[in-house]
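# Tertiary structure, described
Here are the chains, one letter per residue:
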Amino acid sequence: MTREEILSKKPLHVLEKIRENLERLNEKMEVMIELQRHGHKDAQPLNDAPLDVMTLLSMPDHLRKTAMTICRCGRATAEEVSQQTSRARAVESAYLNQLVIMGYLKKERQGRKAYFYADRDSQR
Amino acid sequence: MSKIVAVHSYKGGTGKTLLSVNLAATFAKHGKKVCLFDLDFRAPSLFAILKVDNAECWLNDYLNGNCSINKVLIDLSSRILGNGKFFAALANPTTEAIREMSAKDRKWEMRALGRLLSLRNTLLNDQFDYLIFDTSPGLQYSSINAIVTADFVVVATTGDRSDVDGTRRMLQELYNLFEKKTGLVINKVLDPTSKSQKEEMDKRVKNVYQVPMLGLVPCFCEVLRAEGNLIFAQDKPNHPFTKILDEMATKIENNDVN
């Protein structure tokens, strides 16, 4: 690769990195907004809280819908959940991240995509 | 379209097991591939109804993560009429197993939910058209796990005062929250042929339960007299109960429960 080629690729790489970071920041903002909206009492950080049916029953309706979708799909992105629930991707992203903070879901990044799942195997 | 159907009720003795076994047999008679699950771990009964003496593995073992689901399935297809398939997955009836299942914690129940949900991928479509879950009555873990997993819930109830109010609350506060499609079966109805009785039932379902009615089952002395020894859908093809089951199964098959 020539020096010119490297230089011409670099701005693209930097821009992609910036976009990735902005997406992560956006997700964090969504969580903060969600916490403000629904108060902190529902969102105490917990480690590996079991996502069992009684927990699902006691959840607020908006979070139950998201959590149920993850239960059915096993593993999904905010985009995939939003297709199932017919709500906006940003809304599902906020709810999913809130469920992660509450300890009910785990989040794993693969490239630019973030996957959410209930980690049943760690619950031993 | 393949489906998981849970049969549930608020109180015991409403006819869940009778409905589960006969609905499964009816689907099989219609040429479908069916597997019947005994999820009533507190009072297992399918092993007795289906006259299975012993199983290589029980459903308990699958939910405990000790064996694959295929080791639990028992092929009873030779016992049914037609080209359908009829399998069963049974709950361990020993006192020790019942005691052990009643002492499970929330984390175990969460894993059990995961294992039930995974049946959709492992059994539905390729192996089976219908999975029928016979459950314990009321609001308890194994039953709610079954309801969450199911696509459609058959709710069995009777006209008894003690059952009506609880069933109504369960429909509003359990099935609604999980956005489950339900069909109500009113069992043990006296004098269902009279017009006034039918009108009364329709009115009650509309006003009290606010869910679609799947069927009305009269109180048949022949069912009691059979003492659990007959599967009416198979053994009594011309009995009125068999005809009612045919209608219910057809409604479920055609998504025609409104």
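As a starting point, this report considers the structure included with it.

### Here we look at the nonpolar core
Of all hydrophobic cores here, the largest spans 76 residues; its most connected members are Leu51 of chain A together with Phe37, Leu131 and Phe133 of chain B. Sort the elements by how many residues they give to this core and helix α6 (residues 106–122) of chain B lands first, with 7 residues. Sequence-distant contacts of Phe133 of chain B, defined by excluding residues within four places in its chain, comprise Ile4, Val5, Ala6, Val7, Phe37, Leu39, Leu116, Leu119, Ala146 and Thr149 of chain B. With 43 residues, the next largest nonpolar core counts Val5, Val185, Ala226 and Ala249 of chain B among its residues.

### A word on the packing of helix α8 (residues 161–175) of chain B against helix α9 (residues 195–209) of chain B
Residues and elements named next belong to chain B. Where α8 meets α9, the closest approach of the two axes is 10 Å, and the angle between their N-to-C directions is 50°. With respect to their mutual orientation, α8 and α9 come out oblique. Judged by residue contacts, Val164, Thr167, Arg168 and Leu171 of α8 engage Arg204, Val208 and Tyr209 from α9. In terms of residue class, the contact of α8 with α9 is made up of 4 nonpolar, 1 polar and 2 charged.

### Focus: the sheet that holds strand β3 (residues 113–117) of chain A
Residues and elements named next belong to chain A. Pairing is antiparallel across the open sheet formed by 3 strands, whose spatial order is β1-β3-β2. Each having just a single partner strand, β1 (75–76) and β2 (106–110) make up the two edges of the open sheet. Bridge count for β2 against β3 is 5 bridges, and the pairing is antiparallel. Each bridged residue has a counterpart across the sheet, and for Lys106 the counterpart in β3 is Tyr117.

### So, the pattern of salt bridges
This structure, assessed with the given rule, holds 11 salt bridges over all chains. Between Asp119 of chain A and Lys106 of chain A there is a salt bridge; the shortest N-O distance is 3.2 Å. Here Asp119 of chain A is found in the segment after β3, whereas its partner Lys106 of chain A is found in strand β2, with 13 residues between them in sequence. Several salt bridges converge on common partners, so that one network encompasses Asp165, Arg168 and Arg169 of chain B.

### Some details on the interface of chain A and chain B
Across the boundary between the two partners, chain A contributes 18 residues, which contact 19 residues of chain B. Across the interface of chain A and chain B, roughly 1,800 Å² is buried in total on both sides, 68% from carbon and sulfur atoms. The interface formed by chain A and chain B holds 2 salt bridges in total. Glu179 of chain B is paired through a salt bridge with Lys65 of chain A; the nearest N and O atoms lie 3.3 Å apart. The tally of links from chain A across to chain B stands at 5 residue pairs in polar contact (both at pLDDT 80 or more). Each residue belonging to the side of chain A that touches chain B can be placed in one class, and the counts come to 8 nonpolar, 2 polar and 8 charged.

### Digging into the sheet that holds strand β8 (residues 213–218) of chain B
Residue and element names in this part refer to chain B. Strand order in this open sheet of 8 strands is β3-β4-β2-β5-β1-β6-β7-β8, and the pairing throughout is mixed. The two strands at the open ends of the sheet, each matched to only one other strand, are β3 (74–75) and β8. In the sheet, strand β2 (residues 33–39) pairs with strand β4 (residues 85–89) via 5 bridges, with the strands oriented parallel. In the sheet register, Val34 faces β4, and the bridge partner there is Phe86. Sitting on the sheet, α6 is in contact with β1 (3–8), β2 and β5 (130–135), with an inclination near 160° to β5. Seen against the sheet, α9 touches β6 (152–157), β7 (181–189) and β8 and runs at an angle of roughly 140° to β7.

### Focus: helix α1 (residues 16–29) of chain B
Side chains of residues three or four places apart in an α-helix project in the same direction, reflecting 3.6 residues per turn. Residues and elements named next belong to chain B. With 14 residues, α1 extends 20 Å between its outermost C-alpha atoms, agreeing within 8% with the 20 Å of an ideal straight helix rising 1.5 Å per residue. The buried fraction of α1 amounts to 12 of the 14 residues, a majority that puts the element mostly inside the structure. Every buried residue of α1 is listed here: Lys16, Thr17, Leu19, Ser20, Val21, Asn22, Leu23, Ala24, Ala25, Thr26, Phe27 and Ala28.

### With respect to the packing of aromatic side chains
All names here are of chain B. With the rule as written, the count across this model stands at 5 aromatic pairs over all chains. Geometrically, the ring pair formed by Phe27 and Tyr130 is stacked, given 4.1 Å between the ring centres and 10° between the ring planes. Here Phe27, found in helix α1, pairs with Tyr130, found in strand β5; they are 103 residues apart in sequence, far enough to count as distant. Like Tyr130, Phe27 is buried. Measuring from ring centre to ring centre gives 6.0 Å for Phe220 and Phe241, while their planes differ by 50°; the resulting arrangement is tilted. Pair noted here: Phe220 is in the loop between β8 and α10 (221–225) and Phe241 is in helix α12 (residues 240–253), with a separation of 21 residues, a long-range link. A relative accessible area of 13% places Phe220 in the buried class. Its relative accessible area of 1% is what places Phe241 among the buried residues.

### Digging into the pairing of β7 of chain B
Most of β7 of chain B is tucked away, with 7 of its 9 residues classed as buried. Handedness of the β6 of chain B-α8 of chain B-β7 of chain B crossover: right-handed.

### What to know about the environment of Ser118 of chain B
Residues and elements named next belong to chain B. Assignment of secondary structure puts Ser118 in helix α6. Overall, the relative accessible area of 27% leaves Ser118 in the partly exposed class. Taking the C-alpha atoms as reference, Ser118 lies 27 Å from Leu184; in sequence the two are 66 residues apart. Reaching out from Ser118, the side chain makes a polar contact with the backbone oxygen of Arg115 at a distance of 2.8 Å.

### Focus: the pairing of β1 of chain B
All names here are of chain B. In terms of burial, β1 is a largely internal element, 6 of the 6 residues being buried. Because side chains alternate across β1, one face comprises the buried residues Lys3, Val5 and Val7, and the other comprises Ile4, Ala6 and His8, equally buried. Looking at chain direction, β1 and β5 are connected through 5 bridges and run parallel. Its bridge partner being in β5, Lys3 is matched across the sheet by Tyr130. Bridge count between β1 and β6: 4 bridges; the pairing is parallel. The partner of His8 across the bridge, within β6, is Val155.

The rules behind each value
- Residues numbered from 1 in each chain as written.
- Chains lettered and ligands numbered in written order.
- Predicted model: local features only at pLDDT ≥ 70, side-chain atom pairs only at ≥ 80, totals over all residues.
- Heavy atoms only, no water.
- Core = buried A, V, L, I, M, F, W, Y, C linked by side-chain atoms within 4.5 Å.
- Buried < 20%, exposed > 50% of the residue type's maximum accessible area, 1.4 Å probe, protein only.
- Helix = DSSP H or I, 4+ residues; strand = E, 2+ residues; numbered from the N terminus.
- Contact = heavy atoms within 4.5 Å.
- Axes fitted to C-alpha atoms, helices over the stretch in contact; angles between N-to-C directions.
- Parallel < 35°, antiparallel > 145°, perpendicular 65-115°, else oblique.
- Nonpolar A, V, L, I, M, F, W, Y, C, P; charged D, E, K, R; others polar.
- Pairing = 2+ DSSP bridges.
- Salt bridge = Lys/Arg side-chain N within 4 Å of Asp/Glu carboxyl O.
- Buried area = accessible area lost by both parts, 1.4 Å probe.
- Polar contact = N/O pair within 3.5 Å; in protein donor to acceptor, adjacent residues only side chain to side chain.
- Expected span 1.5 Å × (residues − 1).
- Phe/Tyr/Trp six-rings, centres within 6.5 Å; stacked < 30°, edge-to-face > 60°.
- Right-handed = clockwise from strand over helix to strand, strands pointing away.

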